[in-house]
Structure formats: structure tokens, C-alpha cells
Amino acid sequence: MNGARPLKFVVNKCTMCTIHKTYAGDARLMNNTPSNSVDIVVTSPPYPMIEMWDECFACQNAEIGETIEESPDKAFELMHQQLDKVWHRCYDVLKEGGFLCINIGDATRTINGKFKLYNNHTRISDLCNAIGFTTLPNIIWRKQTNAPNKFMGSGMLPCGAYVTLEHEWILLFRKGDKRQYKTQSQKHERMESSFFWEERNVWFSDVWDVKGTKQKMEHPGSRERSAAFPFEIPFRLINMFSQKGDTVLDPFLGTGTTMQAALMCGRNSEGYEIDPALKDVIENGIASMDVDMCNNYIKQRFDRHVSFIEDRKKQGKEVKHFNINLNVPVMTGQEEQISFNYITSIRRNKDGFYEADYEVSSDMNNIPFQLIKQII
């Protein structure tokens, strides 16, 4: 076959396990998380000056509720002073080279007849920079809507209408210098967690078009809206800025989306949620994750890559590299050791936390015959 790589029609299996810990507690304290123990933080905090979060902030500092109407700028600053404590704590628990990823939206609000933008992303960026984080290029999450009443102000009349906010920010920071990979084992583990070339081109764009998620809460005793970000947001971030076996932290766990994404990515996770009414929502979300559905989501990455390679071959473009773990051509040498971890079980352990077991499989039968002919 003139230098062709041998085809493998067997399934190679090895196992790994992750653990996922949920704590009822205050994100400003995170008492169960030691210093320098977390590889990445992925979170979406309450948004200052968004009305649904007023009560939450006022419970942390009564002065906030007292000043919103009389001095909204002061209330805005007091709200952020509560979040400041969380970002300080995140810096402490992150390892050197670890990432902080914050999904935050700016707020628009009319108080006492005065309409104003409250710039949440700038306020957080300034604080994280002052703490000592390295500020990295951020991402605009574009959530466009075609609702006819989305525009604010006086309709078609000039000088009285306002631009509508159809985006949120994903702020990216790193603690200290880049993560170090000194041993061959460390370098190999990193390579196994690589992403595909075409995924890189989408994920590392500074604008993401990702559809929002259902916001209405159906759990009695909690708030009406979940304010959850869609699963694809933490799924991308975790794959981009961590590797298999790392620990993901979400200080504002909410309905548990970050924890579910961490489990799917083969990472450990822990999270804090101060609202006791959401404890069951989080745990039921993990417990109800269907193994087949999860694995189908993981396999879709492989299927999309195979389609990409097929299209590239049809265009007569060269693909120079080969991934022997997945038995598929890849664009670069950095993709040659990517492996996928498929979930075999999700269970609750004796400590009340959830554990997930995985196997790493490669099966040449997943690749279309025409593509195999092109490989050899």
C-alpha cells in the first residue's frame, strides 16, 4: 500500500473516572475548595442592575436595596463589591496557569425616568486586572432575536431610540504565566485533549453565535428564570482551556450546566449554589444524564470531523496527518493523539457526590468506506 498506515478494526479500551461535587454555600467563601487546587473556573454570576437579581444582592448587603432608586450608580458599585470577593477567591483557588472564564451581560435600566447602560463587563475586567489576572482577548456571545418589539426607546424617531443589547460577554483571564508541560507524560496528556483544526477556527473566534437556552424555572420555591447559559458555552470553554482529568469550578452553579459540561468533557468538577431550592435541580440534572445521549453528543464531534475531511478530499485538498486513536485523517500534527472518552456509567458515591466512568475507544468501522480508500 506504499507507506499506508495499518487499518485497525478493533476497539481499544482504557478507563478513567471523574468526580463532581456540589456544595450548598456562598461563592464569596468557597470553604471546601483549597488554594491552588482548580484548573479552570467557568461561571455566569448574577448580573448587577438586572432587576431579577436585585433581591439576591440586597440579601448580601441591605444598603443595595435601599439605594437602587435614590442612587443607582452607588447600588451598581455595591453589587460589584460583592462579586469582587468571588473573583478574589477564584484567584486564590486557581493553580498557576489556570483560567477564569466569566459570562456576563451589561445591563440597561430606567430608574426615575433616566435610561442608562451599566457596564458590567468593564467593571469586572478592571477588578480582575487589579487582582493580578492576565487579561486575555474576550468573546462576544451574540444572542440575536427577531422579536419586533426588541428595540428600546421611541421607535423610528431620531434622538430617542436606543441600540438593543443582543450580546453578552465571555471574559477570559489567566492566573500567572502559561501552564508548564515539562515531562513526556504531561505533554502526552495534553495532546490527547487537543481539539480539531476546524473546531479551533470556530471556538477561537471572538464572536460566537450560540442559541440561548430555556429560562423559565419550573421548580417551586426558586426564582422564575434560571439565567442559565446554553450547554455549548461551558462545553467549548472547558475543551479550550483545560485538559482531561482537570478540575472545573463554578462558584454560581445555578442549574448545574457547567458541571454537566465538565462531566461530558472528562473533567472533574465542583460548584457552589447559595439557593437551597436549586440543590435538587442540580443533582437531578446530573442523575438524569442519559449515557447514550451523552455519548452521542461526544460522537457528533467525530462525525462532524469526518464530514469535514470528506468535503476537503472532494475539493482535492491535501490532508497530511493521521490520528491513530480515532483512525481518521487530521489537519495538523497536534491533532494526531486526540482521543475521546465515552461514558459508561454515572453514579452517586457514598459521600453524596457523583462519579462518572469512561472508556476510550477507537473503531475504524465508524469511518465511511470511501474515506478509508482515500486514506490508504
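Sequence order as written defines residue numbering, which begins from 1 separately in each chain. Selection of residues for local features in this predicted model requires a pLDDT of at least 70, selection of side-chain atom pairs for listing and counting requires 80 or more, and totals for whole chains, interfaces and linings are taken over all residues. Side-chain numbers come from the whole structure's heavy atoms, not from hydrogens or water.

1. Here's the deal with the overall build of the protein chain
Consideration 1: Strands are runs of DSSP state E lasting at least 2 residues, helices are runs of H or I lasting at least 4, and numbering of each runs from the N terminus. Each helix and strand counted, the protein chain has eleven helices and 16 strands in total.
Consideration 2: Here the term buried applies to any residue with accessible area under 20% of the maximum for its type, exposed to any over 50%, and partly exposed to those in between, with areas from a 1.4 Å probe on protein chains only. Counting across all 376 residues of the protein chain, residues that qualify as buried make up 49%.
Consideration 3: Residue contacts follow a heavy-atom distance rule, with two residues in contact if any of their heavy atoms lie within 4.5 Å. Of the contacts made within the protein chain by residues no fewer than 6 positions apart, 72% connect residues no fewer than 24 positions apart.
Consideration 4: All accessibility values rest on the Shrake-Rupley procedure with a 1.4 Å probe; residue burial counts only the protein chains present in the view. As presented, the protein chain carries roughly 18,700 Å² of accessible surface, and 50% of it is formed by carbon and sulfur atoms.

2. A word on the packing of helix α7 (residues 232-241) against helix α8 (residues 257-264)
Consideration 1: Put simply, α7 and α8 touch, their axes get as near as 9 Å, and they point 50 degrees apart. By the criterion of interaxial angle, the relationship of α7 to α8 is oblique. α8 is crossed by α7, and the crossing has right-handed handedness. Across the interface between the two elements, Pro 234, Phe 235 and Ile 238 from α7 touch Thr 257, Thr 258, Ala 261, Ala 262 and Met 264 from α8.
Consideration 2: Residue composition of the contact of α7 with α8, by class: six nonpolar, two polar and no charged. Interaxial angles span 0 to 180 degrees and are taken between N-to-C directions of axes, which are lines fitted to C-alpha atoms, for helices over the stretch in contact. To sort the angles, those under 35 degrees are grouped as roughly parallel, those over 145 as roughly antiparallel, those from 65 to 115 as roughly perpendicular, and the leftovers as oblique. Crossing handedness is read from the near helix: turned anticlockwise from the far helix by less than a right angle, it gives a left-handed crossing, and turned clockwise, a right-handed one. Note that Gly is not counted as nonpolar here; it falls among the polar residues with everything else outside the nonpolar set of Ala, Val, Leu, Ile, Met, Phe, Trp, Tyr, Cys and Pro and the charged set of Asp, Glu, Lys and Arg.

3. Overview of the sheet that holds strand β3 (residues 94-104)
Consideration 1: Strands are treated as partners if at least two bridges between them are detected by DSSP. The strand order across the open sheet formed by ten strands is β10-β6-β9-β3-β2-β11-β12-β1-β16-β15, and the pairing between neighbours is mixed. Edge strands, defined here as strands with exactly one partner in the open sheet, are β10 (207-209) and β15 (341-348). Neighbour-to-neighbour, the strand axes of the sheet open up by a mean angle of 20 degrees, direction not taken into account.

4. Some remarks on the nonpolar core
Consideration 1: What we call a nonpolar core is a set of buried Ala, Val, Leu, Ile, Met, Phe, Trp, Tyr and Cys residues that are connected through their side-chain atoms within 4.5 Å. Among the nonpolar cores identified, the biggest contains 39 residues, and Trp 87, Leu 100, Ile 102 and Cys 128 are the most heavily contacted of them.
Consideration 2: In terms of residues, this core owes the most to one element, helix α3 (residues 72-93), which gives nine residues.
Consideration 3: The contact partners of Ile 102, leaving out residues within four places of it in the chain, are Thr 43, Pro 45, Trp 87, Ile 124, Cys 128, Trp 169, Ile 170, Leu 171 and Phe 173.
Consideration 4: Within the second largest apolar cluster, 35 residues are counted, among which are Leu 237, Ala 262, Ile 286 and Tyr 354.

5. Some words on the packing of α3 against helix α4 (residues 120-131)
Consideration 1: In the contact formed by α3 and α4, the axes pass within 10 Å of each other and the chain directions differ by 40 degrees. The orientation of α3 relative to α4 falls into the category oblique. Of the two possible hands of crossing, α3 and α4 adopt the one that is right-handed. Note on element contacts: α4 touches α3 through Asn 120, Arg 123, Ile 124, Leu 127, Cys 128 and Ile 131, opposite Phe 76, Glu 77, His 80, Gln 81, Asp 84, Trp 87, His 88 and Tyr 91.
Consideration 2: Of the residues belonging to the contact of α3 with α4, the class tally is seven nonpolar, four polar and three charged.

6. Remarks on α4
One full turn of an α-helix is made of 3.6 residues, so residues set three or four places apart face in the same direction.
Consideration 1: For a helix, the expected span equals 1.5 Å multiplied by the residue count minus one. Taking 1.5 Å per residue, twelve residues should reach 16 Å; α4 reaches 17 Å between its end C-alpha atoms and fits that length.
Consideration 2: Residues of α4 that are buried include every one of Asn 120, His 121, Arg 123, Ile 124, Ser 125, Leu 127, Cys 128 and Ile 131, and no others.
Consideration 3: Close packing links the buried residues of α4 with α3, β3, β4 (107-111), β5 (114-118) and β9 (167-174).
Consideration 4: Following α4 by one or two positions, Gly 132 adopts a phi angle in the positive range, close to 130 degrees.

7. Quick word on the packing of aromatic side chains
Consideration 1: Stacked, tilted and edge-to-face pairs are distinguished by plane angle, under 30 degrees for stacked and over 60 for edge-to-face with tilted covering the rest, among Phe, Tyr and Trp rings (Trp via its six-membered ring) whose centres lie within 6.5 Å. Here the structure, examined in full by the defined rule, presents 16 aromatic pairs.
Consideration 2: Judged by centre distance (6.0 Å) and plane angle (50 degrees), the rings of Phe 133 and Phe 173 are tilted. With Phe 133 in the loop between α4 and β6 (134-142) and Phe 173 in strand β9, this residue pair connects regions lying 40 residues apart in the sequence. Taken individually, Phe 133 and Phe 173 each receive the classification buried, so the pair is uniform in this respect.
Consideration 3: Here the aromatic residues Phe 99, Phe 195, Trp 203, Phe 204 and Phe 241 are joined through ring pairs into a cluster of three or more.
Consideration 4: A positively charged side chain is recorded as over a ring if its NZ (Lys) or CZ (Arg) lies within 6 Å of the ring centre. The angle to the ring normal must also be within 35 degrees. Geometry around Trp 208 places Arg 236 over its ring, the cationic atom sitting 4.8 Å from the centre.
Consideration 5: The aromatic ring of Trp 197 is capped on one face by Arg 312, whose charged end is 5.8 Å from the ring centroid.

8. Topic: a negative patch on the surface
Consideration 1: Taken together, Glu 51, Glu 66, Glu 69 and Glu 70 make up a surface patch of like negative charges.
Consideration 2: By secondary structure assignment, the location of Glu 51 is in the loop between β2 (38-43) and α1 (54-60). Like charges within 9 Å and nonpolar side chains (Val, Leu, Ile, Met, Phe, Trp, Tyr) within 5 Å are joined into patches, using only residues over 30% in relative accessible area that form no salt bridge. Each salt bridge in this description consists of a side-chain nitrogen of Lys or Arg and a carboxyl oxygen of Asp or Glu lying within 4 Å of one another. His is not counted, nor are the chain ends, whereas Lys and Arg count as positive and Asp and Glu as negative. To locate a charge, take NZ of a lysine, CZ of an arginine, CG of an aspartate or CD of a glutamate.

9. Comments concerning the confidence of the model for the protein chain
Consideration 1: pLDDT: the predictor's confidence for each residue, scored from 0 to 100. Per-residue confidence for the protein chain gives a mean pLDDT of 89; residues scoring 70 or more make up 86%.
Consideration 2: The model gives residues 1-11 a pLDDT under 50, and that stretch makes 16 contacts with residues more than four places away or in other chains.
Consideration 3: A low-confidence stretch, residues 364-376 stays under pLDDT 50, and its non-local contacts, those more than four residues away or across chains, total 27 contacts.

10. Examining the environment of Val 163
Consideration 1: Mapped onto the elements, Val 163 comes out in the loop between β8 (161-162) and β9.
Consideration 2: Counting along the chain gives ten residues from Val 163 to Gly 153, while the straight-line C-alpha distance between them is 8.8 Å.

11. Points about the pairing of β5
Consideration 1: Across five bridges, the pairing between β4 and β5 is antiparallel. Counterpart to Thr 110 in the pairing with β5 is Phe 115.

12. Here we look at the pattern of salt bridges
Consideration 1: In this structure the tally under the stated criterion is 19 salt bridges.
Consideration 2: Its salt-bridge partner being Asp 39, residue Lys 95 comes within 3.3 Å of it at the nearest N-O pair. Taken as a pair, Lys 95 in strand β3 and Asp 39 in strand β2 lie far apart in primary sequence, 56 residues in all.
Consideration 3: With relative accessibility at 8%, the residue Asp 39 sits in the buried group.
Consideration 4: One salt bridge in this structure joins Arg 142 and Asp 209, with 3.2 Å as the shortest N-O distance. Placement of the pair is Arg 142 in strand β6 and Asp 209 in strand β10, with a sequence separation of 67 residues.
Consideration 5: Note on Arg 142: relative accessible area 35%, which makes it partly exposed.
Consideration 6: Looking at Asp 209, the relative accessible area reads 53%, which means it is exposed.
Consideration 7: Several salt bridges share partner residues, and in doing so they unite Glu 77, Asp 84 and Arg 123 into one network.

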